[in-house]
Amino acid sequence: MKKRMLSLSLAAGVLGLAGCGNGGESDVVATSKAGDVTKTELYDAMKEKYSPQMEQALQEIMYKKVLSEKYEVTDEELNKELKKAKEQLGDQYKTFLAQYNLDEEGFKEFLKLELLREKAATADIKVSDKEVKEYYEKWQAPIKVRHILVEDEKKAKEVQDKLAKGGKFEELAKEYSSDPGSAQNGGDLGWIDNQSRQQFVPEFTEALNTLEVNKISEPIKSEFGYHIIEITDQKKKESFDKMKGELKEELKKSKADPQAVQKKLDKELKAADVKIEDKALKGAFEQDEPQAPEAPPEAAPEAQPEAEPAPAEEAK
């Protein structure tokens, strides 16, 4: 989820306006005895002061227009993605929307664009029924997780001892945990799906793969300190026939190369004959121009829990 959040506030805001008729370009947005302010004046002022943000906004709007011509996101798909986001965010959903100055419709517009991008990126990727079946066999149902992160083993054993004597996990998380993203929520990390498991540091992921529901782990050491983990709930794994379509798309996304994804999006823009008429925003699609071959990408940083300090996102 957090991987999607990098430009969420801006993207969702402008996308909400993209399909609306805003009237003539000289429409008045504010009046005063000293004179009116028109949409054109406001646009020019924002362009001058916030040019990079305006370029990004233009990208988001154009991507939605171009991709919507070729790919479709159904209401069912969008509502399913929204439901998944709500499950992952849990009680923090409303706080999350407030943080990005969004309402639910704005968030849905953002999710719709992300789904359009995913469809474009995976349109040419093929997976066999055998691959999907093998993926299903390894697939793990979503789990609800909470943890307490402390700096050293001594503190971890202190917390572990209090838990053994009947201490409440959520209260101890608020008192001891150094994870700012989950401590005040009783250590709650929300629902973690099959793909999200891989976004944690290896030690954390390994513990999730072996820990039973309602069992508290021994202190798990990672580069961030010591984790005490509990899986509080787990969903039931459904039949292969019921999950086949969803898993096929998930597997295709896992095969998509990030560089190839951008090339595919650039190809769609080129096919749509996108041209920037406003000279001040010419840089919005500069990356689409032919460039010299890139050096091999560096190894990706080691993944870590989304709620960890300085998350490598991009999380969630």
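Summarised in this report is the structure supplied together with it. (Residues numbered from 1 in each chain as written. Predicted model: local features only at pLDDT ≥ 70, side-chain atom pairs only at ≥ 80, totals over all residues. Heavy atoms only, no water.)

**Here we look at the overall build of the chain**
Right, on to step 1. If you tally the helices and strands in the chain, you get 12 helices and six strands.
Right, on to step 2. Taken across its 316 residues, the chain has 40% of its residues classed as buried. (Helix = DSSP H or I, 4+ residues; strand = E, 2+ residues; numbered from the N terminus. Buried < 20%, exposed > 50% of the residue type's maximum accessible area, 1.4 Å probe, protein only.)

**What about the packing of aromatic side chains?**
Right, on to step 1. Tallied over the entire structure, the rule returns six aromatic pairs.
Right, on to step 2. Ring geometry for Tyr 63 and Phe 285: centres 6.3 Å apart, planes at 80°, overall edge-to-face. Taken together, the positions of Tyr 63 in helix H3 (residues 51–70) and Phe 285 in the segment after helix H12 (258–271) put the pair 222 residues apart, joining distant regions of the chain.
Right, on to step 3. In this structure Tyr 63 comes out as buried when scored by relative accessible area, which is 3%.
Right, on to step 4. Between the aromatic rings of Phe 96 and Phe 107, the centroid separation amounts to 5.3 Å while the plane-to-plane angle is 70°, which identifies the pairing as edge-to-face. On the criterion of sequence distance, the pair formed by Phe 96 in helix H5 (residues 93–99) and Phe 107 in helix H6 (residues 104–122) is long-range, its members being 11 residues apart. Accessibility assignment for this pair places Phe 96 and Phe 107 in one class, buried.
Right, on to step 5. Through a chain of ring-to-ring contacts, the aromatic side chains of Tyr 93, Phe 96, Tyr 100 and Phe 107 assemble into a single cluster. (Phe/Tyr/Trp six-rings, centres within 6.5 Å; stacked < 30°, edge-to-face > 60°.)

**Looking at the pattern of salt bridges**
Right, on to step 1. This model, assessed by the stated rule, comprises 25 salt bridges.
Right, on to step 2. We note a salt bridge from Glu 60 to Arg 117, for which the minimum N-O separation is 3.1 Å. Linking Glu 60 in helix H3 with Arg 117 in helix H6, this pair joins segments that are 57 residues apart in sequence.
Right, on to step 3. Accessibility expressed as a relative area gives 4% for Glu 60, which makes it buried.
Right, on to step 4. Connected through salt bridges with shared partners, the residues Asp 44, Lys 47 and Asp 278 form a single ionic network. (Salt bridge = Lys/Arg side-chain N within 4 Å of Asp/Glu carboxyl O.)

**Some details on H12**
Each α-helix winds once per 3.6 residues, and so residues spaced three or four apart point in a common direction.
Right, on to step 1. Helix length check: H12 (14 residues) gives 20 Å between terminal C-alpha atoms against 20 Å at 1.5 Å per residue, within 8%.
Right, on to step 2. Buried within H12 are the following residues: Lys 264, Leu 265, Asp 266, Glu 268 and Leu 269. (Expected span 1.5 Å × (residues − 1).)

**Quick word on the pairing of strand S3 (residues 143–150)**
Right, on to step 1. The buried fraction of S3 amounts to seven of the eight residues, a majority that puts the element mostly inside the structure.
Right, on to step 2. Note that S3 and strand S4 (residues 188–192) share four bridges and pair antiparallel. Opposite Ile 143, over in S4, you have Ile 192 as the bridge partner.
Right, on to step 3. The pairing of S3 with strand S6 (residues 225–234) spans eight bridges and is antiparallel. Residue pairing for S6: Val 145 is matched across the bridge by Ile 231. (Pairing = 2+ DSSP bridges.)

**Some words on the sheet that holds S3**
Right, on to step 1. With antiparallel pairing, the four strands of this open sheet are ordered in space as S4-S3-S6-S5. Every other strand in the sheet has two partners, leaving S4 and strand S5 (220–222) as the edge strands with one partner each. Between one strand axis and the next, the sheet turns by 35° as a mean value, whatever way the strands run.
Right, on to step 2. In the packing of helix H8 (residues 153–164) onto the sheet, the strands contacted are S3 and S6, and the crossing angle to S6 comes to about 35°.
Right, on to step 3. On the sheet, helix H10 (residues 202–210) packs against S3, S4, S5 and S6 and is oriented at approximately 35° with respect to S6. (Axes fitted to C-alpha atoms, helices over the stretch in contact; angles between N-to-C directions. Contact = heavy atoms within 4.5 Å.)

**Considerations on the packing of helix H4 (residues 75–89) against H6**
Right, on to step 1. Where H4 contacts H6, the axes come no closer than 10 Å and their chain directions differ by 115°. Between H4 and H6, the angle is such that the two are roughly perpendicular. As for how H4 packs across H6, the hand of that crossing is right-handed. Contacts between H4 and H6 involve Glu 77, Leu 78, Asn 79, Glu 81, Leu 82, Ala 85 and Lys 86 on the former and, on the latter, Glu 104, Phe 107, Lys 108, Leu 111, Lys 112, Leu 115 and Lys 119.
Right, on to step 2. Of the residues that constitute the contact of H4 with H6, the class distribution is six nonpolar, one polar and seven charged. (Parallel < 35°, antiparallel > 145°, perpendicular 65-115°, else oblique. Left-handed = near helix turned anticlockwise from the far one by under 90°. Nonpolar A, V, L, I, M, F, W, Y, C, P; charged D, E, K, R; others polar.)

**Considerations on the environment of Arg 197**
Right, on to step 1. As for its position among the elements, Arg 197 is in the loop between S4 and H10.
Right, on to step 2. Overall, Arg 197 belongs to the buried group, its relative accessible area being 2%.
Right, on to step 3. If we ignore the near neighbours within four places in the chain, the residues touching Arg 197 are Gln 140, Ala 141, Ile 143, Ile 192, Thr 205, Leu 208, Asn 209 and Gln 234.
Right, on to step 4. Engagement of the side chain of Arg 197 in a polar contact is seen with the side chain of Asn 209, the distance being 2.9 Å. (Polar contact = N/O pair within 3.5 Å; in protein donor to acceptor, adjacent residues only side chain to side chain.)

**Considering unusual backbone geometry**
Right, on to step 1. Backbone geometry at Asn 101 places phi at a positive 55°, although glycine is not the residue there.
Right, on to step 2. Relative to the assigned elements, Asn 101 resides in the loop between H5 and H6.
Right, on to step 3. Using a relative accessible area of 70% as the deciding quantity, one classes Asn 101 as exposed.

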